[in-house]
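# An overview of the molecular structure
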Amino acid sequence: MICFRDGSLPLPDVSSTSLEVALSNRSFDGIQVLQNMEQCYPVPRNMTMKLTNEQISARVLYFGLFNGVGPTRTQSKMIVRNRAYSFTANISVEGCTTSTMQGQYCNQTIELLSCARSGNSSGNGSVSGFFNQSMVLCRNNFETSCHGDGEMKIYSLEILRITESLTISVQNLRLRPLDSIGNSSRIYLMCFARYGAMPLATLHDYSGDLNQSPLVIRFPKVGQWYISILALHLAKEIGGALSNVSKVCYSLEVQELECPLGKAGPNCSSERYMLQRTEGEISLNLRRFMLKDVIVLKQNRAKFQFGRFGFKTVLRKYSTPFESYYLPDGGDVISDALNFHLEPLLSNYSVGGLDTWTYFLLDVPRGAAGGNLHVRLMSDRKMNYEIYARNGGLPSLINWDYYYINKTSSSGDSVFFVLYNSSDEKVDFYILYVKEGIWNIALRHLNSTGDISDGQTTMSISLERCPKRCSYHGACKSALDTSGLTLYSFCACDRNHGGFDCSIEIVSHQGHIWQSIALIASNAAAVFPAFWALRQKAFAEWVVYTVSGISSGLYHACDVGTWCVLSFGVLQFMDFWLSFMAVVSTFIYLTTIDEVFKRAIHTAVAILTALMAITKATRSSNIILVMGIGAFGLLLGWLIEFSTKWPSREWLQNLVNTVMKRFRWGFVLAGFIALAMAAISWNLESSQSYWIWHSVWHVAIYSSSFFFLCSKVKTINSGNRTPTDANYQLTQQDSLSQGA
């Protein structure tokens, strides 16, 4: 399965709903991927996707390949024998030589707007009713822009700070030539705005007719914005002057309104607490890293301060990089505390006693897109807070990435929003694989006419590697993505649990006990071939079968978490190696060659099977290889035996006779039936049914060896050769004595 996500790593199976959607997407459609960058699709045999800068934002695009999805994906499996798929990917990125020429063929001119700060304004004369705001005014470089009917003109500007609103308007709208007769008010001057990518009439974030009213974008994101202007219906609305009128001209004006430092929201009346890193206040010695260098932590905490609103970041003890708490910096805050009191930081009541917003800004550093943002609120009374989170811009009731209103109304349908144990007095949620950059978390305090001093609410904001510490049912692992630029974490769950946070119980405790008994006790079937080999004085085979059954039992005892007498890797190697040796030894036992040749074959087989066991021991093709090696050993033994006992012109005549007399064919048939059962059980093994089918495999494979051992006749007569019995020897001696 292939998953796409814009700005952070994909995660296909957080919830059953997201997994069902992923599995239902049977066809790959590049355009559909563009509309929703958090989608997963079954991987086709061949796929091609071409994205132009009119379709995709100029940001980081992640895609991940997952071989198997669902709760058991993170479960520690006893033996992993899923199919392995190989793939090749060719990704090329092409860009235009200049930033002023964009589009699919780099033939679309982009005009950069010139921006300048116009200073502060206050009182009733402020734009849009804001108080004490500063304004950045952007205009096109030329006094006017002109274009004809259906012609699109594109502009760009970059928003550098958190902005309250972006207002796009046109001035001096007129027709050209000037002596034309027409009604310019009936012209459609469509404006399309888009964040980070080229806007089209069919693909944009905001749109409006600038000839009717300015286009106002509330709380725009920080970064590059593109604006396209399209004039329509010029020829229809000018009356009879079609030959003279061909263009409409205007002056484009864009206003960015910013609140003062520490303020945000309507009328700039809400408190905004910003988190910024400042040099010199860092008490944590971090060695800067590039790509795959290791981050060395010298101390356990770092402290940052900003302006009059201070925050400090406290790193967890023995934590991995980018794992930290965000705390306000103040005299009443303990440096090791995990929470901070919320009431002293809340904004004053809004006029009219409706609701109040308080904004918290924090930075997720580069390379930390594989972490999780954890937000908690705890109160000693029923809380009247709504929480809105947004990346890159201030959240509002209409602009947000994730939200929480109550335990029944939240962003629960999002793959990357997970709510835990929330109630009227507690809010606890994660934003999984959080995007890099500035995050804005806004608290909307309802019913602000009440007294907030009636209770006490604490808030905790932290960047963590694994949600809920893998629910204490697994280990949190960290790795770098293929590019080496992003550190991501994942849970490796234990035998009984699965899911992205190890919270799903795959096997109950009682079921785990029965599975352990079945996997360990089923190796007792090795007693049968070991007993028969000992009875026939085949001591080499007896050692192999005995040690194979013991090592398999010890390996599975360690694998199910009961007891590990040696390291897991050593036990796994011993189990597979001796199992391979047991299979091949059975074939070699069926020959009657001298022990010198058997020792040589055993030595060669031991080397080959050891190499197989140490490299990809769990692959299914090993069974075919082992069977092939055993059959080759049997054939080689027969060739050696027949070439030494019979003349070359006689052995072909006696081969069939010898084979028919050498085996008890009832036991041979039983051996092949048991071998077929072993092959079937091996093929039926899966993550859910591994324990039962692998137990059947143990019994079947040892039983087949037992039947094959029993099938061999100890002494046979070979064709026309005279039997070498005692009577023959005595007769020979009598004749010799008489002749003497």
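These numbers come from a predicted model, not from an experiment.

On the surface, Leu534, Phe539, Trp542, Val543 and Val547 cluster together to form a nonpolar patch covering roughly 410 Å² of accessible area. In terms of residue count, the dominant contributor to the nonpolar patch is helix H6 (residues 539-559) (four residues). Along the chain, the position of valine 547 falls in helix H6.

Before going further, it helps to examine the UniProt feature "domain: EGF-like" (unreviewed entry) in the protein. As recorded in UniProt, the sites labelled "domain: EGF-like" (unreviewed entry) are residues 491-502. The span residues 491-502 carries 0% helix and 42% strand; its end-to-end C-alpha distance comes to 7 Å.

Another point: the sheet that holds strand E12 (residues 206-209). In space, the six strands of this open sheet follow the order E4-E5-E9-E14-E11-E12, with mixed pairing throughout. Across the chains shown, the open sheet's two edge strands, defined by having one partner strand only, are strand E4 (101-102) and E12. Relative to strand E9 (residues 152-159), strand E5 (residues 108-112) is paired through three bridges, and the arrangement is parallel. Across the sheet, isoleucine 110 pairs through a bridge with isoleucine 154, a residue of E9.

For the coordinates displayed, the defined rule picks out nine disulfides. Note that cysteine 470 is cross-linked by a disulfide to cysteine 491, the S-S spacing being 2.1 Å. The chirality of the disulfide connecting cysteine 470 with cysteine 491 is left-handed, given an S-S dihedral of about -95°. Residue cysteine 470 is located in the loop between strand E29 (457-464) and strand E30 (474-480), and its partner cysteine 491 is located in strand E31 (residues 487-493); the two are separated by 21 residues in the primary sequence. One disulfide bridge connects cysteine 493 with cysteine 502, the sulfur atoms lying 2.1 Å from each other. Here cysteine 493 and cysteine 502 share a disulfide; its torsion about the S-S bond, -90°, makes the bridge left-handed.

The subject of this paragraph is the nonpolar core. The biggest cluster of nonpolar side chains holds 47 residues, and the ones touching the most others in it are Leu342, Leu377, Ile441, Leu443 and Met459. Sort the elements by how many residues they give to this core and strand E27 (residues 426-431) lands first, with four residues. For methionine 459, the contacting residues outside a window of four places in its chain are Leu338, Asn339, Phe340, Leu342, Phe360, Val375, Arg376, Leu377, Ile441 and Leu443. In terms of nonpolar packing, the next biggest core, distinct from the first, is built from 44 residues, Trp532, Val544, Ala606 and Leu709 among them.

Rules used throughout
- What you see as residue numbers is a count from 1 along each chain, following the sequence as written.
- The model is predicted, so local features are restricted to residues of pLDDT at least 70 and side-chain atom pairs to those at 80 or more, both for listing and for counting; the totals for chains, interfaces and linings are taken over all residues.
- Only hydrogens and water are set aside when side-chain values are computed; all heavy atoms of the structure are taken into account.
- Each patch is built from residues that are more than 30% exposed by relative accessible area and take part in no salt bridge. Like charges join if they lie within 9 Å; nonpolar side chains (Val, Leu, Ile, Met, Phe, Trp, Tyr) join within 5 Å.
- Here, Shrake-Rupley sampling with a 1.4 Å probe gives the accessible areas, and only protein chains in the shown set may cover a residue.
- Each reported salt bridge corresponds to a side-chain nitrogen of Lys or Arg within 4 Å of a carboxyl oxygen of Asp or Glu.
- We count a stretch as a helix when DSSP gives it H or I for four or more residues in a row; a strand needs E for two or more, and each element gets its number in order from the N terminus.
- UniProt positions are given in the numbering used here, feature names are shortened, and annotations may be inferred rather than shown by experiment.
- Strand pairing follows a simple DSSP-based rule, namely that at least 2 bridges must link the two strands.
- Sulfur atoms of two cysteines make up a disulfide when they are within 2.5 Å.
- Buried Ala, Val, Leu, Ile, Met, Phe, Trp, Tyr and Cys residues that are joined via side-chain atoms within 4.5 Å together make up what is termed a nonpolar core.
- Type-normalised accessible area, obtained with a 1.4 Å probe on protein chains alone, sets the label of each residue: buried when under 20%, exposed when over 50%, and partly exposed for intermediate values.
- Residue contacts follow a heavy-atom distance rule, with two residues in contact if any of their heavy atoms lie within 4.5 Å.

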